[in-house]
Amino acid sequence: MKAVIKNCVYDTEKATFLALDDNDYFPLDDRYVEESLYQTAEGKYFICRHTGSVLQCPCESALHRQMEIVPVSSAYAKRWARHHMKVVDYVKHFGMLTE
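Residues numbered from 1 in each chain as written. Predicted model: local features only at pLDDT ≥ 70, side-chain atom pairs only at ≥ 80, totals over all residues. Heavy atoms only, no water.

1. Concerning helix 1 (residues 74-84)
Point 1. Buried within helix 1 are the following residues: Ala77, Trp80 and Ala81. For helix 1, the buried positions fall inside an angular range of 100° around the axis, keeping them on one side. (Buried < 20%, exposed > 50% of the residue type's maximum accessible area, 1.4 Å probe, protein only. Helix = DSSP H or I, 4+ residues; strand = E, 2+ residues; numbered from the N terminus. Arc of directions from axis to C-beta.)

What follows is the structure, given as structure tokens:
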């Protein structure tokens, strides 16, 4: 997915994927949310969010969800990662955890 927000390009195919997490609802449930954290080559962070149930598009055989790209600050990215990444992956990307 690709979006231009405030003259910045956020592209999930070109950015570095850092982590994926969901809210533990079944993907066919309307309450389902899946978020992926990415970092651009310029060092900016964003979350690609998939929400809602998997919908069957009547004109295609593919399944679709609502998707959005949300730019986030590095502080928010660290906070998100602290709650959603494995510790070893967090330390590899952000460095040691501080209290």
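2. Remarks on the packing of aromatic side chains
Point 1. Counted according to the given criterion, the structure contains five aromatic pairs.
Point 2. Grouping aromatic residues by their ring pairs yields a cluster made of Tyr10, Phe17, Tyr38 and Phe46. (Phe/Tyr/Trp six-rings, centres within 6.5 Å; stacked < 30°, edge-to-face > 60°.)

3. Section: the nonpolar core
Point 1. Counting residues in each nonpolar core, the largest one holds twelve residues, listed as Leu18, Ala19, Leu37, Tyr45, Ile47, Val72, Ala77, Trp80, Ala81, Met85, Tyr90 and Phe94.
Point 2. Elements represented by at least two residues in this core include exactly strand 3 (16-22), strand 5 (45-56), helix 1 and helix 2 (87-94).
Point 3. The leading source of residues in this core is helix 1, at three residues.
Point 4. Ala19 has contacts with Glu35, Ser36, Leu37, Trp80 and Met85, leaving out every residue within four places of it along the chain. (Core = buried A, V, L, I, M, F, W, Y, C linked by side-chain atoms within 4.5 Å. Contact = heavy atoms within 4.5 Å.)

4. Regarding the pairing of strand 1 (residues 2-5)
Point 1. Where strand 1 meets strand 2 (residues 8-11), four bridges bridge the pair, whose relative direction is antiparallel. Residue Ala3 lies in a different strand from strand 2, and its bridge partner there is Tyr10.
Point 2. With antiparallel pairing between neighbouring strands as the criterion, strand 1 and strand 2 make up a hairpin whose turn holds two residues, including Lys6 at a positive phi of roughly 50°. (Pairing = 2+ DSSP bridges.)

5. Notes on the environment of Tyr10
Point 1. Its location among the elements puts Tyr10 in strand 2.
Point 2. Relative accessible area serves as the criterion here: at 6%, Tyr10 is assigned to the buried category.
Point 3. Setting aside residues no more than four positions away along its own chain, Tyr10 makes contact with Met1, Lys2, Ala3, Ile5, Thr40, Lys44, Tyr45, Phe46, Ile69 and Pro71.

6. What about the confidence of the model for the protein chain?
Point 1. Taken over all residues, the pLDDT of the protein chain has a mean of 85, while the share at 70 or more is 85%.
Point 2. Model confidence for the protein chain, summarised as mean pLDDT per element, is weakest for strand 5 at 78 and strongest for helix 1 at 93. (pLDDT = per-residue confidence, 0-100.)

7. A few points about the pattern of salt bridges
Point 1. Applying the stated criterion across every chain yields a total of two salt bridges.
Point 2. We note a salt bridge from Glu35 to Arg49, for which the minimum N-O separation is 2.7 Å. Note that Glu35 is positioned in strand 4 (residues 33-39) and Arg49 in strand 5, a separation of 14 residues in sequence.
Point 3. Given the relative accessible area of 13%, Glu35 is considered buried.
Point 4. Within the structure, one salt-bridge network assembled from shared partners comprises Glu35, Arg49 and Glu68. (Salt bridge = Lys/Arg side-chain N within 4 Å of Asp/Glu carboxyl O.)

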